[in-house]
Amino acid sequence: MKKVYLDNASTTAIRAEVIHEMTKVMSDDYGNPSSTHSFGRNAKSILELSRKSIAKHFNISAQEFIFTSCGTEANNWILRSAVKDLKVKRIITSKIEHHAVLYTVMALQEEFGIQVDYVAVKPNGAIDTTNLVELLSRETKTLVSLMHVNNETGTVLDIERIGLICKQHNALFHSDTVQSIGKANIDLQKIPADFIVASAHKFHGPKGVGFAFVRKNSGLQPLFFGGEQEKGLRAGTEALHQIAGMAKALEISYANLELESAQISALRTYLISQLELEFPAFEINGTAAGFYTVLNVLLPFSEDKTSMILFHLDMKGIAVSRGSACQSGSVKPSHVLAEMLSNEDLKKPSLRISFSHYNTKEDIDTLIQALKTI
Ligand code: PLP
């Protein structure tokens with residue numbers, strides 16, 4: 001049975017060149033970057049070349065990138081230190097953020113008693129910017145945390161505009177850019193974000209490595225303590241093979257961005273056209289103009305199909321994800337879709353289909369055929 005992987009917002013296949021690079025570093029460049037001998041100096045050089053290579057894609061200096069173990073760690077670090085060390089008293093975020101942001105903000109609210117405000121979300125999943133401006137016009141030290149591309153619906157936020165609005169209101173701006181890094185150009189000279197984060201496994205790199213962009217002189221303090229790695233901001237011996245793999249993955253992603261994004265966009269458009277043909281009553285959760293790697297659809301099936309649809313597709317070798325998480329037999333609606341859909345629609349089956357350049361038209365045809373047998 002040919003398998004079809006359409007769950008690329010969850011994680012992506014590692015590129016062969018990345019595996020090659022990581023294997024080389026693991027076998028030949030095993031020195032500790034903190035050691036002063038030649039093995040260490042060699043490792044340090046790979047570390048700093050990786051940082052430089054990453055920084056150039058964002059048009060900003062390498063010193064402003066700190067390597068972390070994942071996107072979750074980067075989000076936790078920034079938000080926690082903003083409250084603890086930068087004395088942020090209020091966070092404005094939205095209810096459609098990833099749990100790496102949402103749960104961190106809730107924990108900080110509990111621990112530090114900060115004020116948390118949630119910006120209104122429109123039925124199409126877009127952030128209500130007018131509401132953000134209304135919320136911002138107050139006098140407390142504030143951080144705004146809003147994601148660039150939503151991992152469930154592909155809704156895109158204009159982070160340049162939001163960054164400017166935050167600047168005008170003297171608020172810090174953090175954006176979870178995990179879904180867009182490697183898939184969209186981000187110029188940090190133009191976008192006035194204070195903090196953005198990345199995770200390599202979302203752009204065909206290894207799992208267990210990511211980075212935080214932290215603008216110069218931010219004042220952020222470490223999340224945990226130990227060695228002097230990463231200018232003392234992130235203790236722990238650097239996972240050199242992961243970092244080199246991440247830099248390689250990013251380099252290839254940006255070198256092929258135009259080609260691969262066009263190919264993926266065409267697949268997404270093809271899927272929409274096939275759904276229109278075979279399931280004319282389907283609806284897009286979000287908008288047809290959403291980010292090119294994700295399509296979240298509400299299928300015109302009865303409610304009783306909701307709990308078995310993923311299982312059915314999995315039996316046919318097709319991996320997609322559902323907009324709802326099934327927990328111990330009951331279907332718990334996605335917190336993102338819960339902000340966008342009516343209670344009635346929330347019970348119906350929604351699917352998140354997310355693409356990479358490894359997908360083909362045949363993959364879409366296989367999915368459509370499988371859906372027809374449900
Ligand atoms: N933020 C977003 C938007 C994501 O999609 C994910 C991954 O699912 C994360 C954060 C967490 O990243 P990581 O898996 O590297 O911890």
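The rules behind each value
- Residues numbered from 1 in each chain as written.
- Predicted model: local features only at pLDDT ≥ 70, side-chain atom pairs only at ≥ 80, totals over all residues.
- Heavy atoms only, no water.
- Helix = DSSP H or I, 4+ residues; strand = E, 2+ residues; numbered from the N terminus.
- Contact = heavy atoms within 4.5 Å.
- Lys, Arg positive; Asp, Glu negative; His and termini not counted.
- Charge placed at Lys NZ, Arg CZ, Asp CG, Glu CD.
- Buried < 20%, exposed > 50% of the residue type's maximum accessible area, 1.4 Å probe, protein only.
- Polar contact = N/O pair within 3.5 Å; in protein donor to acceptor, adjacent residues only side chain to side chain.
- Pairing = 2+ DSSP bridges.
- Phe/Tyr/Trp six-rings, centres within 6.5 Å; stacked < 30°, edge-to-face > 60°.
- Lys NZ or Arg CZ within 6 Å of the ring centre and 35° of its normal.
- Expected span 1.5 Å × (residues − 1).
- Near = heavy atom within 4 Å.
- Areas by Shrake-Rupley, 256 points an atom, 1.4 Å probe, with all protein chains shown as cover.
- Core = buried A, V, L, I, M, F, W, Y, C linked by side-chain atoms within 4.5 Å.
- Right-handed = clockwise from strand over helix to strand, strands pointing away.
- Domains from an automatic or database assignment.
- Buried area = accessible area lost by both parts, 1.4 Å probe.
- Salt bridge = Lys/Arg side-chain N within 4 Å of Asp/Glu carboxyl O.
- Nonpolar A, V, L, I, M, F, W, Y, C, P; charged D, E, K, R; others polar.

### Some thoughts on the overall build of the protein
At step 1: Per the secondary structure count, the protein includes 12 helices and 15 strands.
At step 2: Each principal axis of the C-alpha atoms in the protein carries an extent, and together these give about 65 × 55 × 40 Å.
At step 3: Sequence separation of at least 24 residues holds for 72% of the intrachain contacts in the protein that already meet a minimum separation of 6.
At step 4: Charge centroids of the protein, computed over 39 positive and 40 negative side chains, lie 3 Å from each other.

### Here's the deal with unusual backbone geometry
At step 1: We note that Asn-59 has phi near 60°; this positive angle belongs to a residue other than glycine.
At step 2: Tracing the backbone shows Asn-59 in the loop between α2 (38-56) and β2 (65-68).
At step 3: Even without a glycine there, the phi angle at Asn-170 is positive, about 60°.
At step 4: For Asn-170, the location among the structural elements is in the loop between α6 (159-168) and β6 (172-176).
At step 5: On the accessibility criterion, Asn-170 (73% relative accessible area) is exposed.

### A closer look at the side chain of Ser-81
At step 1: Take Ser-81: it is sitting in helix α3 (residues 71-84).
At step 2: Taking the relative accessible area as the measure of exposure, Ser-81 reaches 3% and is therefore buried.
At step 3: A distance of 2.7 Å separates polar atoms of two side chains, one belonging to Ser-81 and the other to Asp-85.

### What about the sheet that holds strand β10 (residues 294-298)?
At step 1: Across the sheet, which stays open at both edges, the 4 strands sit in the order β9-β10-β15-β12 with antiparallel pairing between neighbours. With partners counted over all chains shown, the strands left at the sheet margins are β9 (283-284) and β12 (321-322), one partner each.
At step 2: Here β10 runs beside strand β15 (residues 350-354); their pairing, made up of 5 bridges, is antiparallel. Opposite Leu-298, over in β15, you have Ser-350 as the bridge partner.

### Points about the packing of aromatic side chains
At step 1: Here the structure, examined in full by the defined rule, presents 8 aromatic pairs.
At step 2: Between Phe-65 and Phe-213, the ring centres sit 5.6 Å apart and the planes meet at 50°, which makes this aromatic pair tilted. With Phe-65 in strand β2 and Phe-213 in strand β8 (residues 210-214), this pair connects stretches of sequence that are 148 residues apart.
At step 3: A relative accessible area of 1% means that Phe-65 is categorised as buried.
At step 4: Exposure remark for Phe-213: the relative accessible area of 0% places this residue in the buried category.
At step 5: The positively charged end of Lys-95 is found above the aromatic ring belonging to Tyr-118, 4.9 Å away from the centroid.

### Observations concerning helix α4 (residues 99-112)
At step 1: For α4, built from 14 residues, the straight-helix expectation of 20 Å at 1.5 Å per residue is met to within 8% by its first-to-last C-alpha distance of 19 Å.
At step 2: Every buried residue of α4 is listed here: Ala-100, Val-101, Leu-102, Thr-104, Val-105 and Leu-108.
At step 3: Looking one or two places after α4, you find Gly-113, whose phi comes out positive at around 65°.

### Observations concerning the site of the ligand
At step 1: What surrounds the ligand is the set Cys-70, Gly-71, Thr-72, His-98, Met-147, Asn-151, Asp-176, Val-178, Gln-179, Ser-199, His-201 and Lys-202.
At step 2: A distance of 2.5 Å is found between an oxygen atom of the ligand and a side-chain nitrogen or oxygen belonging to Thr-72.
At step 3: With respect to the ligand, the side chain of Gln-179 contributes an N or O atom lying 2.8 Å from an oxygen atom.
At step 4: Burial of the ligand by the protein chains amounts to 87% of its free accessible area of 390 Å².

### A word on the environment of Lys-372
At step 1: By the element assignment, Lys-372 lies in helix α12 (residues 361-372).
At step 2: Given the relative accessible area of 40%, Lys-372 is considered partly exposed.
At step 3: For Lys-372 and Thr-140, which are 232 residues apart along the polypeptide, the C-alpha to C-alpha distance reads 54 Å.
At step 4: Those residues in contact with Lys-372 that sit more than four places away from it in its chain are Glu-278 and Phe-279.

### Considering the nonpolar core
At step 1: By size, the foremost hydrophobic cluster in this structure holds 88 residues, and its most contacted members are Phe-58, Phe-211, Leu-275, Leu-313 and Leu-371.
At step 2: Per-element accounting of this core gives the leading share, 9 residues, to helix α7 (residues 240-255).
At step 3: Among the nonpolar cores identified, the runner-up in size contains 24 residues, and Leu-86, Val-105, Ile-114 and Leu-220 belong to it.

### Digging into the pairing of strand β5 (residues 142-145)
At step 1: Side chains Thr-142 and Val-144 of β5 all project onto a buried face; the interleaved residues Leu-143 and Ser-145 project onto the opposite face, where all are buried too.
At step 2: Examined bridge by bridge, strand β3 (residues 90-94) and β5 share 3 bridges and lie parallel to one another. Paired with Arg-90 across the strands is Thr-142, a residue of β5.
At step 3: Pairing of β5 with β6 involves 3 bridges; the strand directions are parallel. Residue pairing for β6: Val-144 is matched across the bridge by Phe-173.
At step 4: The handedness of the β5 to β6 crossover, carried by α6, is right-handed.

### What to know about the domain arrangement of the protein
At step 1: Each assigned domain of the protein is listed here: domain 1 (4-12 + 257-372) and domain 2 (16-255).
At step 2: For domain 1 and domain 2, the distance between their C-alpha centroids amounts to 27 Å.
At step 3: Each partner contributes residues to the interface: domain 1 has 25 residues there, and domain 2 has 31 residues.
At step 4: In total, domain 1 and domain 2 occlude about 2400 Å² of area from one another, counting both sides; carbon and sulfur atoms represent 53% of this.
At step 5: Three residues stand out in domain 1 for area buried against domain 2, namely Leu-257, Phe-291 and His-335, and they jointly supply 29% of the buried area on that side.
At step 6: At the surface where domain 1 touches domain 2, the tally comes to 0 salt bridges.
At step 7: Our count for the domain 1 to domain 2 interface comes out at 16 residue pairs in polar contact (both at pLDDT 80 or more).
At step 8: The set of elements that each furnish at least two residues to the side of domain 1 that touches domain 2 consists of β10 and α10 (335-338).
At step 9: At 3 residues, the largest contribution of residues to the side of domain 1 that touches domain 2 is made by α10.
At step 10: Of the residues belonging to the side of domain 1 that touches domain 2, the class tally is 9 nonpolar, 14 polar and 2 charged.

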